[in-house]
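An overview of the molecular structure
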Amino acid sequence: MLYVDCVAGVAGDMLLGALLDAGADAERVRSGLGGLGIEGLELRLERAERHAIAATRARVVAAPGQPERTWASARELIDGAGLPARAHARAQEALARLARAEGRVHGVPPEQVHLHEAGAVDALAEVCGVA
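I will try to describe carefully the structure that is included in this document.

So, how was this worked out
- Residues numbered from 1 in each chain as written.
- Predicted model: local features only at pLDDT ≥ 70, side-chain atom pairs only at ≥ 80, totals over all residues.
- Heavy atoms only, no water.
- 1 Å grid on protein atoms, 1.4 Å probe; cavity = no way out; pocket = protein on both sides within 12 Å on 5 of 7 lines; lining within 4 Å.
- Points joined across faces, edges and corners; volume = space filled by probe spheres on them.
- Helix = DSSP H or I, 4+ residues; strand = E, 2+ residues; numbered from the N terminus.
- Nonpolar A, V, L, I, M, F, W, Y, C, P; charged D, E, K, R; others polar.
- Salt bridge = Lys/Arg side-chain N within 4 Å of Asp/Glu carboxyl O.
- Buried < 20%, exposed > 50% of the residue type's maximum accessible area, 1.4 Å probe, protein only.
- Phe/Tyr/Trp six-rings, centres within 6.5 Å; stacked < 30°, edge-to-face > 60°.
- Lys NZ or Arg CZ within 6 Å of the ring centre and 35° of its normal.
- Arc of directions from axis to C-beta.
- Contact = heavy atoms within 4.5 Å.
- Pairing = 2+ DSSP bridges.

**Regarding the layout of surface pockets**
Size it by volume and the largest pocket reaches roughly 580 Å³. Forming the walls of the largest pocket are 20 residues, and the residues nearest its centre are Val29, Ala87, Gly129, Val130 and Ala131. Only helix 1 (12-21), helix 2 (26-34), helix 4 (85-106) and helix 6 (121-130) provide two or more residues apiece to the lining of the largest pocket. Counting residues per element, the lining of the largest pocket draws most heavily on helix 2, at five residues. Partitioning the lining of the largest pocket into residue classes produces eleven nonpolar, five polar and four charged. The computed volume of the second largest pocket comes to approximately 320 Å³. Met14, Ala48, Arg50, Ala55 and Thr56 are, among the 13 residues lining the second largest pocket, the residues nearest its centre. Counting only elements with at least two residues in the lining of the second largest pocket, the list comes to helix 1, strand 1 (42-50) and strand 2 (53-61).

**Some points on the pattern of salt bridges**
Enumeration over the complete set of coordinates arrives at eight salt bridges. For Asp21, the salt bridge is made with Arg47, and the minimal N-O distance between the two is 2.9 Å. Note that Asp21 is positioned in helix 1 and Arg47 in strand 1, a separation of 26 residues in sequence. For Glu93, the salt bridge goes to Arg100, with nearest N and O atoms at 3.5 Å. Since its relative accessible area comes to 35%, Arg100 is described here as partly exposed. Salt bridges sharing partners connect three or more residues here, namely Glu46, Arg57 and Arg59.

**Quick notes on the packing of aromatic side chains**
Tallied over the entire structure, the rule returns zero aromatic pairs. Lying across the ring of Trp71, Arg75 places its NZ or CZ 4.4 Å from the centre.

**Thoughts on helix 3 (residues 71-79)**
The set of residues buried in helix 3 consists of Trp71, Ala74, Leu77 and Ile78. Down the axis of helix 3, the buried set is contained in an arc of 120 degrees. They therefore lie on one face. On its buried side, helix 3 packs onto helix 4 and helix 6.

**Examining the pairing of strand 1**
Inspection of the sheet shows strand 1 paired to strand 2 by nine bridges, in the antiparallel sense. What sits directly across from Arg50, in strand 2, is Ile53. The turn joining strand 1 and strand 2, which pair antiparallel and follow one another in sequence, is formed by two residues; a positive phi near 55 degrees is taken by His51.

Next up, the structure:
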């Protein structure tokens, strides 16, 4: 069992790095991310130290010029990624919550939401990697 106490939120790269430190298989994560079909997508892992605490730093990079994504296009990427069922469901639910929240803020239906930051390659890959 894992309990994540993220009262003030959580950064996707930090959570992904922490899960990898806790024993998640980096190659399985990379394999899952490869299924997204995003040009040049790569998960880079580095060791980092802050205030005498060592951890894994996870960075997601991709080819420049990625398109802006809607919730619908992000869902399609996840649907086609071949993720394990539980990871697929968790990633879809996380993005659905983001789309609903963005929709409320911008006054548009979730289907019309442009995910901006959440639709960026790094955020999409971090959500799927964590899931």
